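If you want the building blocks of each chain, they are given just below.
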Amino acid sequence: MISPARTGVALVICAPSGTGKSTLIKRLLAEFPRFAFSVSCTTRAPRPDETQGIDYDFLSREEFLRRRDAGYFAEWAAVHDHFYGTPLLVTQELLASGRDLLFDVDVQGASQLRRAIPDAWLIFLLPPSREELIRRLQGRQTETPESLRKRLRIAAQEIAQARWFNLWIVNADLEQAWQELRAAYIAATLSPSCQAGILGELLEEWEPE
Ligand code: ADP
Ligand code: 5GP
């Protein structure tokens, strides 16, 4: 019998702000306990509901730049006037130990992760329309007219980068988007790169001719 052991899946999810990324990520982490969330470092201040070490590793700008120059990050980027970065070593250790990892990064980060982790699955969540994206951003009641305009401008730039992602999911109906994301994750767990040991184990059961 072959053992079901496998290495972890790296799932990178990008979306223009307001599309529904946080909503879908929460569901994925809740349903599949094998997932770990890749805790990024950031120089922005914690929000009231955020915890050091769980949502982010909150760093000073000096400490972030020191780590960046020491090669600590698999990727890093400046997003909305702050630095964000994904630690390399902990990422590699978690994947090797068989934990699946979810990366919530911006498009620049996804592009770097594609090189750092060639087996990563890159998923782009698309809003069904500009109008609906505006409705969702306004519904959150976190945007001023100026920040809304800025997010819409950035959204267009991000959507233009969706071409090099592996999968696109349009978040029109939440339930359908969830089923598609779930299916994408399950498919990713079946890729040969996650199950490298299986063929060797199976072929060992054959007598040499
Ligand atoms: P993001 O993390 O991409 O910025 P959120 O997950 O915070 O987006 O979602 C933005 C808003 O849109 C939230 O109010 C959320 O409940 C709502 N939302 C998410 N998906 C859908 C959907 N398919 N239909 C309608 N509203 C949605
Ligand atoms: P927020 O400050 O709202 O938590 O995140 C702002 C943006 O930064 C989001 O688009 C999020 O995906 C992105 N982000 C969070 N962590 C990282 C990271 O480690 N690297 C990169 N490149 N982007 C990140």
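See the structure shown above.
Because the structure is a prediction, the values reported are computed rather than measured.

1. A look at the pattern of salt bridges
One pass over the full model with this rule turns up 15 salt bridges. For Glu63, the salt bridge goes to Arg66, with nearest N and O atoms at 2.9 Å. One end of the pair, Glu63, and the other, Arg66, are both in helix 2 (residues 61–69), three residues apart, so they sit about a helical turn from each other. Here the residues in one salt-bridge network are Asp57, Glu63, Arg66 and Arg67, joined through shared partners.

2. Points about the site of ligand 2
Around ligand 2, the surrounding shell holds 15 residues, and the nearest of these are Ser40, Arg44, Tyr56, Glu75 and Tyr84. The backbone of Gly85 places a nitrogen or oxygen atom 3.3 Å from an oxygen atom of ligand 2. Here ligand 2 loses 86% of its free accessible area of 510 Å² to cover by the protein chains. At the level of secondary structure, the elements contributing two or more residues to the shell around ligand 2 comprise strand 5 (73–79) and strand 6 (82–87). Among the residues forming the shell around ligand 2, the class breakdown is five nonpolar, four polar and six charged. Each of domain 1 (1–34 + 100–209) and domain 2 (37–97) contributes no fewer than three residues to the shell around ligand 2.

About the cut-offs
- Residues numbered from 1 in each chain as written.
- Chains lettered and ligands numbered in written order.
- Predicted model: local features only at pLDDT ≥ 70, side-chain atom pairs only at ≥ 80, totals over all residues.
- Heavy atoms only, no water.
- Salt bridge = Lys/Arg side-chain N within 4 Å of Asp/Glu carboxyl O.
- Helix = DSSP H or I, 4+ residues; strand = E, 2+ residues; numbered from the N terminus.
- Near = heavy atom within 4 Å.
- Polar contact = N/O pair within 3.5 Å; in protein donor to acceptor, adjacent residues only side chain to side chain.
- Areas by Shrake-Rupley, 256 points an atom, 1.4 Å probe, with all protein chains shown as cover.
- Nonpolar A, V, L, I, M, F, W, Y, C, P; charged D, E, K, R; others polar.
- Domains from an automatic or database assignment.

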